Amino acid sequence: MERTPIVELRHISKYFAKVVANKDVSLKVFPGEVLALLGENGAGKSTIMKILYGLYKHDDGEILIHSKKADIRSPMDAKKSGIAMVQQHFSLVSTHTGTENIILGNTKGYIPISAYNSKIQKLANEYGFDVPVDVKIEKLAVGQQQKIEILKALYLNVNILILDEPTAVLTPQESETLMAFIKSYVKKGNSVIFITHKLKEVMEVASRVVVMRNGIVVGERQREELEEHDLAKLMIGEEIVAPVRDSSNRWEKLPTILEVDNISLHDSKNTPILTDISFNIHASEIYGIAGVSGNGQDELCDVLCGLKKPDRGKIYFKDKDITDSSILEHNLSGLGYVPLDRLRDAIIPGMTLSENMLLKNSFSGKWSNKGFIKKIELNNYTSDMIEKHRIKATGPADLSGGLSGGNQQKLVLGREVDIGTSLLIFNQPTRGLDMGAVDRIHHVMMEEKERGKAILLISTEITELFEMCDVISVMYRGKILGEYRNGELNTDNLGLLMAGIRPEGL
Amino acid sequence: MTNLLYRTILMSTPLLLGSVAEVFSERCGVMVCAIEGIFLIGAWGGFVGTYLTHNAFIGIMLAILCGTALSALYAFVTVTLGQQQVVTGTALNILAAGFCAFFQRVIFGVPTSPLVIDTLPILRIPILSNIPFIGTILFSQNIITYLAYLLIPLSYYVLFKTSLGLKIRSAGENPVAVDTAGINVTKLRFLTVLVAGSLGGLAGSFYTIGYVGMFTTNIIGGRGWIAFAICFLGNWTPYGVLFGTLAFGLADALSIYIQAVSTSSYFPREIVIALPYALTIILTVMRSNLRVPAVLGIPYKKDN
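Every chain begins its residue count from 1, and numbering advances along the sequence as written. For naming, the first written chain is A and the first written ligand is 1, with later ones following in the order written. Where local features are concerned, this predicted model is filtered to residues with pLDDT of at least 70; where side-chain atom pairs are given and counted, the filter is 80 or more; whole-chain, interface and lining totals use all residues. In computing side-chain properties, one takes all heavy atoms of the structure into account and sets aside hydrogens as well as water.

Asks: Honestly, the overall build of chain A in this entry has me stumped. Any pointers?
Replies: Scanning chain A from terminus to terminus reveals 17 helices and 22 strands. The atom set for the radius of gyration is the C-alpha atoms, and the globule formula is 2.2 Å times the number of residues raised to the power 0.38. Radius of gyration (C-alpha) of chain A: 25 Å, near the 23 Å computed for a compact globule of 506 residues. Projecting the C-alpha coordinates of chain A onto the three principal axes gives extents of approximately 70 × 50 × 50 Å. Relative accessible area decides the class of each residue, using a 1.4 Å probe on protein chains only: under 20% of the type maximum gives buried, over 50% gives exposed, and in between gives partly exposed. A burial count over chain A gives 53% of its 506 residues as buried. Working rule for contacts: check all heavy atoms of both residues, and any pair within 4.5 Å makes them a contact. Within chain A, contacts between residues at least 6 apart in sequence are counted, and of these 66% link residues at least 24 apart. Here the open area of atoms and residues is found with the Shrake-Rupley method and a 1.4 Å probe, where only the protein chains shown may cover a residue. Accessible area for chain A stands at about 22,700 Å²; split by element, carbon and sulfur atoms hold 50% of it. A residue counts as positive if it is Lys or Arg and as negative if it is Asp or Glu; His and the chain ends are not included. To locate a charge, the coordinates of NZ of Lys, CZ of Arg, CG of Asp or CD of Glu are taken. The centroid of the 62 positive side-chain charges in chain A is displaced by 5 Å from the centroid of its 67 negative side-chain charges. Here a helix means four or more residues in a row that DSSP labels H or I, a strand means two or more in a row labelled E, and each is numbered from the N terminus.

See the structure below:
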């Protein structure tokens, strides 16, 4: 029996200036299903959904709701048609409470706030959302903020919920709650469009998958025919071959590049952040630090790169004490750093790619001559970098803020690999990136290892650590819980260690 | 002492109106940097209207109209066109100064004796004005001061208890959220700036109609900027700016009082005149943990 779709997009195209964001995209959404929209970053998934939600205007094609042509010009129109979208970056007023955010634009005149609070709290409880609605958004955890965003939609009684990369910001537990909500929500006859680039999530929750690449729909699969390998190939357009780790332990005989000797750090309230951290990294060694975010990894990076001075302990880099060296001295001595928050610590979004390449080298004289920038050399270098790391950009004069996250990360990677002639520090380098970019970063790490560089990889992803590292240690509440050769640990043991529990026999 | 406090309330009135105007507009994300010019054009409009018609009410209306008109121009450039607010404000302040000086000359020529108008009559509130001390200070003022009294609880109510207030505050924190809630941010901001302009025009008229009875091009003398600063000091709340304006009103009254009574020449007059301005700097520097609206001064541009 042919079901009638609740929403149908027909031959939608969208252009930004000259760039094609969506070309001839057609898809249907049926009541009671979870439609996963799968694709790499920049594949046009968010764009097509923003068109449906009235944020963008399409240049071609038509939208049908309940088989009738609909003219959606604004999110308000979309909501009237029963469509709401939770965007990747929440649109919440952080200084207001959940209730205030939810009723914004939906009330008139005097606001009886306590009546609204209890009404919306009841709604939250109905869906099993454990979130206080009368607390300011800025006081809530990200997972709770997302629940407020979803409540905004539920409050309007919509029946199609679009979720844009909803798990990117969630902890594994929060993701589970979200998945449970989605399942119960569609059981009531509602529909969910789930935008993601994570195959695991698709496998778990989707009733149907539409795969997009470069702005077009490249395939569609029903629940029964889902197969991870097939989806990955569709999504990326080519087979992904993971880099092979050289497990010969050649690095053991090579000299120590970084020696961290008993460092400790306190914050301004005298709470210990790092306690007696010691480890060594040899040339050609990838040393992994596993751990749940916020256990002192970021501060450890700050200390290693000279942003913070440890209270106690010493750091030796190529047998030289660099504990008290300035950041500039760190950079010039051959230490490269790919930080967690690239937009805050690594690039200036409003400047061009070449200017960002120059950023950490401005003192070295590499790109300047008597104070003048060697524009041509710098641009050539940047162009080479774009080609080498397959950065999606039109040229060195592009603004780095206009690139996707993965491409920004590859830009940072390219710069830091050149600066870090002996040591590279990576803090969660693949977080939130799509498979193509992750693959590129892993390959570069392996290549640099082969070249004899010491590499520190801080990660929360267990698979990544097992795939890349020679030695894995676990950080928990500012302490190193143990140091193991790759192979000595299995996934369960590492998971337990990350939770602060030392498994028996280790 | 009674006189000093009476004058404090008197001098606070326009600052209060002006800073409440700023509270509204800044809460929705727009700094009205043209506030000095709006004060001035309000003062001028109030003077012209009253002088020509001998009717203070028409003067006040003209003042409000002038203030609204200038703020409409400001809103068009900064909100509709999304241009830089500080630069636009500065330009309009200069424009207002030139405009007033020019048309003052066009309308009145160069009079041999200063042109004067009657200042607003003192309205004694029955019963309340008979209370000793307080009655004289609070309840023997003119109509604009009473309006300013009412404005504080009213604006608090609007900002924090109504849907409109929620929209305005949200627009200054996260306009994207307001937009996706189906509210036209540009329209909301434009109208808020207009309301701020009308309050600013009224505030300006107080100097000519309510107090001096004359118009000079330097009559405002930076008090628009003081209202601007008080909005910051008052942490963008109506009751916060009330305290701020009283402090400045006191400084203003004190400086006028000292100028009047001190006949000796060894206490420099200039220092006394500078008192309210010095206070602006001192209080602004001292005030910490301000809750600045997140997108204050940033135009909202919708991408399509």
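Asks: Could you clarify how one ought to interpret the overall build of chain B in this entry?
Replies: When helices and strands are counted, chain B shows 13 helices and two strands. Over its C-alpha atoms chain B spans a radius of gyration of 19 Å, differing by no more than 12% from the 19 Å that the globule rule assigns to 304 residues. Reported as C-alpha extents along the three principal axes, the dimensions of chain B are approximately 65 × 45 × 45 Å. Split into buried and exposed, the 304 residues of chain B put 51% on the buried side. Taking the contacts inside chain B whose residues are at least 6 apart along the sequence as the reference set, 78% of them involve residues at least 24 apart. Just so you have it, chain B exposes about 13,500 Å², and 71% of that area is on carbon and sulfur atoms. When the 15 positive and 9 negative side-chain charges of chain B are each reduced to one mean point, those points stand 6 Å apart.

Asks: Sorry, what's going on with the domain arrangement of chain A here?
Replies: It is common to report an interface's size as the accessible area lost on association of the parts. Residue and element names in this part refer to chain A. By domain assignment, chain A separates into domain 1 (7-236) and domain 2 (253-347 + 422-498). One C-alpha centre belongs to domain 1, the other to domain 2; they are set 36 Å apart. Counting residues at the interface gives seven residues for domain 1 and five residues for domain 2. What gets called buried area is simply the loss in accessible area from a 1.4 Å probe that two parts show on being joined, summed for both. When the area that domain 1 buries against domain 2 is broken down by residue, the three leading residues are E40, N41 and H197, summing to 69%. Whenever a carboxyl oxygen of Asp or Glu lies within 4 Å of a side-chain nitrogen of Lys or Arg, that contact is scored as a salt bridge. One can count zero salt bridges joining domain 1 with domain 2. With three residues, helix α8 (residues 228-236) is the single largest residue contributor to the side of domain 1 that touches domain 2. We call Asp, Glu, Lys and Arg charged. Ala, Val, Leu, Ile, Met, Phe, Trp, Tyr, Cys and Pro are nonpolar, and the rest, Gly among them, are polar. Considering only residue class, the side of domain 1 that touches domain 2 consists of four nonpolar, two polar and one charged. For the domain bounds, the source is a domain assignment made automatically or taken from a database.

Asks: I keep staring at the interface of chain B and chain A and nothing clicks. Help me out?
Replies: Facing 20 residues of chain B, the contacting portion of chain A comprises 27 residues. There are two salt bridges connecting chain B and chain A. Residue assignment for the side of chain B that touches chain A shows that the elements contributing at least two residues are α6 (143-161), α7 (163-173) and α8 (175-180) of chain B. Element by element, the count of residues in the side of chain B that touches chain A is highest for α7(B), at six residues.

Asks: How should unusual backbone geometry be read in this particular structure?
Replies: Residues and elements named next belong to chain A. Phi angles above zero are rare outside glycine, and N157 is one such case at about 60°. Residue position: N157 is located in the loop between α5 (142-155) and β7 (160-164). N157 sits in the exposed class, given a relative accessible area of 68%.

Asks: Any chance you could explain the packing of helix α2 (residues 35-53) of chain B against helix α3 (residues 56-80) of chain B here in plain terms?
Replies: The description of two packed helices rests on the angle between their axes and on the distance between the axes. Residue and element names in this part refer to chain B. Contact pair α2 / α3: the axes reach a minimum separation of 7 Å and the direction vectors enclose 150°. Regarding the angle of α2 to α3, the classification is roughly antiparallel. Two packed elements cross with a definite hand, and for α2 against α3 that hand is right-handed. Within the contact between the two elements, α2 uses G37, I38, I41, G42, G45, G46, V48, G49, T50 and T53 and α3 uses A56, I58, G59, L62, A63, C66, G67, L70 and S71. In terms of residue class, the contact of α2 with α3 is built from nine nonpolar, 10 polar and no charged. Lines are fitted to the C-alpha atoms to define the axes, a helix being fitted only along its stretch in contact, and any angle between axes, read from their N-to-C directions, falls within 0 to 180 degrees. Note on angle classes: values under 35 degrees are labelled roughly parallel, values over 145 roughly antiparallel, values of 65 to 115 roughly perpendicular, and the remainder oblique. Crossings are assigned a handedness: left-handed for a near helix turned anticlockwise from the far helix by less than a right angle, right-handed for a clockwise turn.

Asks: Looking at this structure, I do not really get the side chain of A:T382. What am I missing?
Replies: With respect to the element layout, A:T382 can be found in helix α13 (residues 375-388). For A:T382, the contacting residues outside a window of four places in its chain are A:L353, A:S354, A:M357 and A:P396.

Asks: I tried to follow the pairing of strand β6 (residues 83-86) of chain A on my own but got confused; where do I start?
Replies: Look at any regular strand and the pattern is simple: side chains alternate between the two faces of the sheet. Residues and elements named next belong to chain A. In β6, alternate side chains face the same way, and those of I83 and M85 on one face and A84 and V86 on the other are all buried. When DSSP finds two or more bridges between two strands, those strands count as paired. In the sheet, β6 pairs with β7 via four bridges, with the strands oriented parallel. Each bridged residue has a counterpart across the sheet, and for I83 the counterpart in β7 is I160.

Asks: How do you make sense of α13(A) when you look at a structure like this?
Replies: Note on helix geometry: an α-helix contains 3.6 residues per turn, so any two residues three or four positions apart are oriented the same way. Residue and element names in this part refer to chain A. Multiply 1.5 Å by the residue count of a helix minus one, and that product is the helix's expected span. The terminal C-alpha atoms of α13 lie 20 Å apart, and with 14 residues this matches the ideal 20 Å at 1.5 Å per residue to within 8%. Looking at the buried positions of α13, the neighbouring elements they touch are α12 (353-358), β18 (372-373) and α14 (405-419). Positive phi appears at R390, one or two residues downstream of α13, with a value of about 50°.

Asks: Teacher, can you tell me more about the pairing of strand β21 (residues 471-476) of chain A here?
Replies: All names here are of chain A. Among the six residues of β21, five are classified as buried, and the element is accordingly described as predominantly covered. With four bridges connecting them, strand β13 (residues 286-290) and β21 associate as parallel partners. In the strand pairing of β21, A290 is matched with V474. Sheet topology note: the β21/strand β22 (residues 479-485) ladder contains six bridges and is antiparallel. Along β22, the bridge assignment pairs S473 with E483. Here β21 folds back onto β22 in antiparallel fashion, the turn holding two residues, of which R477 has a positive phi close to 50°.

Asks: What's the story with the sheet that holds strand β9 (residues 208-213) of chain A in this structure? I'm lost.
Replies: Residues and elements named next belong to chain A. What the six strands build is an open sheet, ordered β6-β7-β8-β3-β9-β10; its pairing is mixed. Two strands in the sheet have a free side with no partner beyond their single neighbour: β6 and β10 (216-222). Across the sheet, the axes of successive neighbouring strands diverge by a mean angle of 20°, strand direction being ignored. Strand direction decides the pairing type here: strand β3 (residues 34-38) and strand β8 (residues 191-196), joined by five bridges, are parallel. By the bridge assignment for β8, L38 is matched with T196. Its contacts with the sheet place helix α1 (residues 45-52) against β3, β6, β7, β8 and β9, and it is angled at close to 145° to β8. Sheet strands in contact with α8 are β3, β9 and β10, and its direction is about 30° off that of β9.

Asks: Just to check I follow, could you spell out the sheet that holds β13(A) for this structure?
Replies: The pairing of strands in a sheet happens through backbone hydrogen bonds and is either parallel or antiparallel. Residues and elements named next belong to chain A. Taking strand neighbours across the sheet as the criterion, the six strands line up as β16-β19-β20-β13-β21-β22 in an open arrangement whose pairing is mixed. The open sheet has two edge strands with one neighbour each: β16 (335-338) and β22. Within this sheet the neighbouring strands show an average axis-to-axis angle of 15°, counted without direction. Pairing of β16 with strand β19 (residues 423-427), which is carried by four bridges, proceeds in the parallel orientation. Residue G336 lies in a different strand from β19, and its bridge partner there is L424. Contacts between helix α9 (residues 297-304) and the sheet are confined to β13, β16, β19, β20 (454-459) and β21, with β19 contributing the most and set at about 155° to the helix. Strands in contact with helix α17 (residues 491-498) are β13, β21 and β22; relative to β21, the strand with the most contacts, it is inclined by about 30°.

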